[in-house]
Amino acid sequence: MLSCSLLMAQQVIVKGKVTDNSGVGLPGVNVVLKGNTSGTSTDQNGDYNLALPGGAGENQVLVYSFIGYVRQEIAVANRTSIDVTLAVDSQNLDEVVVVGYGTTAKKNLTTAIAKVDPTKIPTSANNNVSELLFGRAAGLQVTQQSSQPGGNISVSIRGKGNPLLVIDGVVIPGDAMEPGNGSVEIQGVNRGGLGGLNPNDIESIEFLKDASAAIYGVSAANGVMIITTKKGKAGRMNVSYDGSHSFTRNMPYLKPLNATDYMRYYNELSRDKYQSDRNMGPFGNVPVDLSGYTQRYSEQDIQNAGEGTDWLGQVLRPGSIDNHNISVNGGTEKATYFFSGNYFNQVGSMKNSDLRRFSGRLNVSFVLSKIFRLNVNVNANRNAYANPQAGWQTGGSGTQGFNALQAALAYPSSVPVYNADGSYSQFAVTGNPVSLLDIKDKTKAQGLLANTSLDIDIIPNTLTAKLLYGNNTENSTRDFYIPSDVFWGQLYRSRASLAETRRQNQTMEATMSYKKSFGDWLNLDVVTGVGQYLEDFSGFSVETSMTQDAINTDNLGAATGPKIIGSYRGVNKLRSFFIRSNFDILDRFLLSLTVRRDGADKFFPNNKYQYFPSVSAGWKINNEAFMQDIKVISTLKLRASYGTTGERPGSVAYGAFAADPNAVTFNNGSVVYFPYRLTAFDNPNLRWPITKTFNAGLDFGLFKERITGSVDVFTENRTRLLSSATTQQLSIISTSPINGGHQRRKGFEVSVNTENIKTNDFSWNSTINVTHFKNRWVKRFPNDPPAQYGRVNDPVGNDIIYVYQTNGILQAGQEVPAWQPASASKPGNPVFVDNNGDGKLDFNDVKSFSGIPKAIIGFGNNFTYGKFDLSVFMYGQYGAWGNDFTTLWGDPVGLLSNNQSGTERIKDAWSTSNPTGTLPGAAYNEAAIALDAGLDTRLVKRDFLRCRNITLGYTINSGGLSKYVRSIRVFADLQNAFILTGFKGVDPEIQANSIKGGPAPYPMVRTLSLGLRANF
């Protein structure tokens, strides 16, 4: 006890502030006692507090270091307060960027790589890394397709498909793994990948957008997303807690008709339909005779109806999120550690939709000797989902297959929740929305991502090697049950299914790197390696019916209904060799050469392997002698790159056999054979798809880096695409895979960062990025010509929408244009446009609209004043068109089907009572027109500008509290604060498919988070 007291008495606390040249505090500066493990880092305002062992003696030295600034060593000299000003390091202005199999200074990049710093983005209400990326970097297109807990967020680079995902060097799948629920068409699950990764564990995210992706070869046609997790740092143990509680509310959704309006508009439109079907005026020449028409609702019924049942209110609710994180990191020169734990609990804004996740991470590193360092990274998660009754049915069941949210839109407000006897009410063939919430639909998912690597320092600071093994294992189980007292699919019957899926991805790599400086004229950086990548997956499912509710899915063998059992499994293997050489000549000229050779098990030996080369170069113009007197320009670099990447083929070149479902019997059924039949032909000429990308860019910095940014233009050609072609006549197999086609993607992107104001008390920084691209066919597959109204070079796939245009509504007594379709010639039908003026309506009148935005933008501002900080971030898009299929709920034909109600959109429908209506009326039936292209009646612009986050924080790091806590930051964050858009559907981002009856996507939510972050 005495020795401990003496030791405590000898310790001295040194405090201070670290600032830049303008006097503004620098957060995150490392402050370490030289020759000792004691250390800390500055808080958000640049303040630090460090306990020195043995007193503040004359011989003790503190080391202050921060990326981009000159390192300083200052003697303590018996002082207890030391303030330091760090100067900008003119030789290291750029941050470190992670590239494939290494890192480099941003100033030495010759390719287009975007970096996102998650530590600067609010994470309180975000369960997924993808939620941090909206508008955060040029070249990224991030779209929230579903806002359900764990909902799918599409992340693409320059408008392509899912990028290759690499976490701490391990290649893992980027998509979600969700088992099915059998033949039941209720499929409300629309989740994204990365569900097991805690956003608070992420150190940085890099996106390889051009030839920089060539180092990953065949897997990198869509670009590469590299995630680096946090690691331990040598020094004193640092403990941090980050916790918040969030309140979520649904943003404006579709508005169903209330009971009064439902009855009134049903009467008006049904009367019009009666007259139209009988060609009565004004729909025809037959005199109006309503003697055979019976009005469903009397005036007394309408007057007494009132608002009726709020069906949406029966299935929707306020939600909440609890997010708690704790992390511990530190270490010595021999070992460092980082540990974190996360509890995330989201109560969805629709009843019976939830997410609960437990996750933990351990990253450790051990110096085994002067040569060997062992690194181990482990991430484990367990997720439990209550799947929402939202979305749309997967088949053509229509209203009988509606989920709870669809049913809430379909049920008229005039129908009560319960009958007089207390049983659930029923409308038409759709189950009661409240009763459908009794359906059990739960998913449990578990994941383990682990990797271990051995760093070998062969020649210190020159020649090193690395051996890495990574394993990502995931499994997911879905438990689905419809009780026997729930009406669904036009009957009361219990239905059950259990399904399980599993996948494993293994990464095995060995790399060697060589770094050498040859005087002042050449810096050489070479890395080479080999890799093998294994993927195996399997699944199992069983579906049955007519089981006891008490037994549920606990014993499906006890069910008396038929049982359907399914299973699958598969294995994929990829082998690679790669090498990259970087040359920095005279600190002015940069050159990078890369080649990768990939081989896959899907092709015949002659086509099994493919080379993927790339070259890139840069010119640091600001380092030229003629630039030294131009003080305005601090950075100016011109760069260009060209490289090839590939796609992992889904089709295989080898033939296949499968069991025929029809049994062959002999000896009166005593011998049974199940024959195998050919299901795919051998195709020895099938080859790898190839993507060739050219990128030219300019990086700049002005006024001593007060303004920085980059401009890129790119062209990408995809060739040798894989598709299926029709086989010869009388073939037992209808299609076979072929190579063909040529697509070209072109565009540009701009990003600018500005330091608008920077004083001792106040700072204001801004960032903006803009992305533009197009993707068109150059050459089509020979078996897939464009439609007769299309062109060879039209945009690819869903990026183009073909429609016949309309211009207003046909009025009573109006002359019907000669080109108007015969089935659309009555009042209340849209007036079709003869675009080419030839007096007829055919494919020559079809117009095309692009689903690709003309511009994708991100715009943010960050302010600090004293200990306050405020950030506002917005993102959006301009120029994209799409079909809004939620308008199906507002069609008179749906209302008059007697199977579903309608939304307030029906109020704008034309009728004899509302001749100024701007939407088609009861006489219009889109399905009856049967044109070869769509109509523009659902075509809408998807332009929007969304305020993603408004965050206000206050940091406390002084006074008596500092004895116990290094710093505390309290904050409030408003996510989805507002959206500026002319879109009238659910949301311009949310996915909503065309489906019989109408889709009911999960509502977009607005979230208010209150929380704190404490550092100990």
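Quick caveat, the model's predicted, so the values are computed rather than measured.

(A) Structural view of the nonpolar core. Y253, Y262, V315, M350 and L405 are the most contacted members of the largest nonpolar core, which totals 47 residues. For this core, the elements supplying multiple residues, two or more each, are α2 (259-277), α3 (299-305), α4 (311-315), α5 (404-410), α6 (433-436) and β23 (463-482). Not counting the four nearest positions on each side in its chain, L405 is found in contact with Y253, L312, V315, L316, M350, Q389, A390, A1000, P1001 and P1003.

(B) Broad picture of the packing of aromatic side chains. This structure, assessed with the given rule, holds 27 aromatic pairs. With a centroid separation of 5.2 Å and an interplanar angle of 25°, the aromatic rings of Y101 and Y216 are classed as stacked. You can see Y101 sitting in the loop between β8 (96-99) and β9 (102-105) and its partner Y216 sitting in the loop between β15 (202-208) and β16 (224-229), a full 115 residues away along the chain. Among the residues examined, Y101 registers a relative accessible area of 18% and is labelled buried. By relative accessible area, which is 7% here, Y216 ends up buried. Both rings, one in F849 and one in W881, keep their centres 4.9 Å apart while their planes meet at 55°; by these two values the pair is tilted. Of the two residues, F849 sits in strand β43 (residues 847-850) while W881 sits in strand β46 (residues 881-883), which places them 32 residues apart along the sequence. A relative accessible area of 17% means that F849 is categorised as buried. A relative accessible area of 26% places W881 in the partly exposed class.

(C) Looking closely at the layout of surface pockets. Of the voids in this model, the second largest pocket is the one considered here, and its volume is about 1200 Å³. For the second largest pocket, the lining is made up of 39 residues, of which Q145, N798, D799, G851 and W881 are closest to its centre. When residues of the lining of the second largest pocket are traced back to their parent elements, those giving at least two are β11 (140-144), β12 (153-157), β38 (735-758), β39 (762-779), β40 (800-804) and β46. Here the residues of the lining of the second largest pocket sort into 15 nonpolar, 18 polar and six charged.

(D) Layout of unusual backbone geometry. P282 follows G281 through a cis peptide bond whose omega is 5°. Take P282: it is sitting in the loop between α2 and α3. In this structure, A428 takes a positive phi of about 55° despite not being glycine. With respect to the helices and strands, A428 occurs in the loop between α5 and α6. The exposure class assigned to A428 is partly exposed, which follows from its relative accessible area of 31%.

(E) Just the pairing of β8, in detail. Note: β8 against β9, four bridges, orientation antiparallel. Paired with V97 across the strands is T104, a residue of β9. A loop of two residues connects β8 with β9, the two strands running antiparallel in sequence, and Y101 in this loop sits at a positive phi of about 60°.

(F) Representation of empty space enclosed by the protein. Counted according to the given criterion, the structure contains nine cavities of 30 Å³ or more. Reported here for the largest cavity is a volume of approximately 400 Å³. Lining the largest cavity are 29 residues; nearest its centre among them are L194, G195, G196, N381 and E474. Listing elements by their share of the lining of the largest cavity, those giving two or more residues are β21 (372-386), β22 (440-459) and β23. If you tally residues by element for the lining of the largest cavity, the top one is β22, at six residues. For the lining of the largest cavity, a count of residues per class yields eleven nonpolar, 13 polar and five charged. Approximately 180 Å³ is the volume found for the second largest cavity. E131, Q144, S147, Q975 and V1005 are the residues nearest the centre of the second largest cavity, which is lined by 21 residues in total. Listed by contribution, the elements that provide at least two residues to the lining of the second largest cavity are β50 (967-980) and β51 (1005-1015).

Rules and cut-offs
Residues numbered from 1 in each chain as written. Predicted model: local features only at pLDDT ≥ 70, side-chain atom pairs only at ≥ 80, totals over all residues. Heavy atoms only, no water. Core = buried A, V, L, I, M, F, W, Y, C linked by side-chain atoms within 4.5 Å. Buried < 20%, exposed > 50% of the residue type's maximum accessible area, 1.4 Å probe, protein only. Helix = DSSP H or I, 4+ residues; strand = E, 2+ residues; numbered from the N terminus. Contact = heavy atoms within 4.5 Å. Phe/Tyr/Trp six-rings, centres within 6.5 Å; stacked < 30°, edge-to-face > 60°. 1 Å grid on protein atoms, 1.4 Å probe; cavity = no way out; pocket = protein on both sides within 12 Å on 5 of 7 lines; lining within 4 Å. Points joined across faces, edges and corners; volume = space filled by probe spheres on them. Nonpolar A, V, L, I, M, F, W, Y, C, P; charged D, E, K, R; others polar. Pairing = 2+ DSSP bridges.

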